[in-house]
Amino acid sequence: MKSGNWFVILSCSAVIASCGANPSVESFDQLSPEAAEAPVATADASATFVADVPKAAPKLIKTAQLDLTVAAIAEVLPQINAIAQQRQGDILGLEDSKPQNNRDRHTATIQMRVPQNQMDATLEQLSALGTVRNQRITAEDVSQQLVDFQARLRNLRKTEEMLLKIMDRSGSMGEVLQVTQKISEVRSQIEQIDAQLQDLQTRIAYSTINVNIEALFAPSPVNRPVEAQFGDTWSEATHSMQQFSVGLAKILLWLLAYSPYLAVLGLPWLLLWYRRRRMAEPPSASSQRDA
């Protein structure tokens, strides 16, 4: 028997089976009004059920910034480290800027990472360490990016499976090499997207908190021994003398280099001064000099 006849027989069997599944229903015209309206009511109920299904929560990347003023930063830093450990977080970075003079204040910057469900409690604990000058929380919805990465990853893995099957059926060496090169490219894309997906999921699971700390008062000057103060004064005096000597030597070198120009410019003034002096002398002194 031909394959076309088998297809006709199977199609007829499927139609007969579908009709036999509902022997009591002959046609839509023979249905009662209540039965005719039943599908509409079912459709409305299903639509209501779909509307009642809650939507998935958005995938957010949260970042917080907290500016604190504390009495002493040296006492607060260990407390912040303890808070991070208590909230199952980590300290990602610390920059401690100690003052160089008595006018500057002690400042520090800390970057920490905590689970997203622990961010609010962590901010409350950090705020209790001092006076909050500023607090800001930002959230970025990356739900669409997450879905795109997952879809691309699934498609690439299916493509890899298809290429592996094609390579099994390939006979010539050229075809095997082409399929192998294509599989390598697909696997490289899979690794790249998988890394991006893992990074995105980590940023969703953990929130970043940047804490800027500033000391309330500038450090008080420390009384140094008299010998140290005298030594500092002598060092400053000798350093100043060296600078003055170097500056004076530079001025003399400049004058020596420009001495020809100074002589040319100063000669007329010298002759004029000498002439005025001769004219200002008394006649007796002039006559005696002539005699």
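Cut-offs and rules
Residues numbered from 1 in each chain as written. Predicted model: local features only at pLDDT ≥ 70, side-chain atom pairs only at ≥ 80, totals over all residues. Heavy atoms only, no water. Salt bridge = Lys/Arg side-chain N within 4 Å of Asp/Glu carboxyl O. Helix = DSSP H or I, 4+ residues; strand = E, 2+ residues; numbered from the N terminus. Core = buried A, V, L, I, M, F, W, Y, C linked by side-chain atoms within 4.5 Å. Buried < 20%, exposed > 50% of the residue type's maximum accessible area, 1.4 Å probe, protein only. Contact = heavy atoms within 4.5 Å. Axes fitted to C-alpha atoms, helices over the stretch in contact; angles between N-to-C directions. Parallel < 35°, antiparallel > 145°, perpendicular 65-115°, else oblique. Left-handed = near helix turned anticlockwise from the far one by under 90°. Pairing = 2+ DSSP bridges.

Caption draft 1: The pattern of salt bridges, seen in detail. What the rule picks out here adds up to 5 salt bridges. We note a salt bridge from Arg113 to Asp90, for which the minimum N-O separation is 3.7 Å. One end of the pair, Arg113, is in strand S3 (residues 107-115); the other, Asp90, is in strand S2 (residues 90-97), and 23 residues separate them in sequence. The residue Glu160 makes a salt bridge to Arg187 at a minimum N-O spacing of 2.5 Å. Here Arg187 lies in helix H6 (residues 173-205) and Glu160 lies in helix H5 (residues 143-169), a separation of 27 residues in the sequence. When salt bridges that share partners are traced, they join Arg105, Arg133 and Glu214 into one network.

Caption draft 2: Fine view of the nonpolar core. Ile73, Ile80, Met112, Leu126, Ile209, Val211 and Ile213 are the most contacted members of the largest nonpolar core, which totals 22 residues. Only strand S1 (60-70), helix H3 (73-86), S3, helix H4 (119-127) and strand S5 (206-215) provide two or more residues apiece to this core. Apart from the residues within four sequence positions on either side, Val211 is in contact with Leu66, Leu68, Ala108, Thr109, Ile110, Met112 and Leu126. Of all hydrophobic cores here, the second largest spans 15 residues; its members include Phe149, Val179, Ile183 and Ile204.

Caption draft 3: Spatial organisation of unusual backbone geometry. At Gln88, a position not held by glycine, the phi torsion is positive, near 60°. By secondary structure assignment, the location of Gln88 is in the loop between H3 and S2.

Caption draft 4: The arrangement of the packing of H3 against H4 in detail. Between H3 and H4, the shortest axis-to-axis distance is 11 Å and the interhelical angle comes to 160°. It follows that H3 is roughly antiparallel to H4 by the angle criterion. Along this stretch, H3 crosses H4, giving a crossing that reads as right-handed. Where H3 approaches H4, its residues Ile80, Ile83 and Gln86 are matched on the opposing element by Thr122, Gln125 and Leu126.

Caption draft 5: Structural detail: the pairing of S1. In terms of strand pairing, S1 meets strand S4 (residues 131-141) through 10 bridges, oriented antiparallel. Paired with Lys62 across the strands is Ala139, a residue of S4. Judged from the 8 bridges that link them, S1 and S5 form a sheet pairing that is parallel. Paired with Leu66 across the strands is Val211, a residue of S5.

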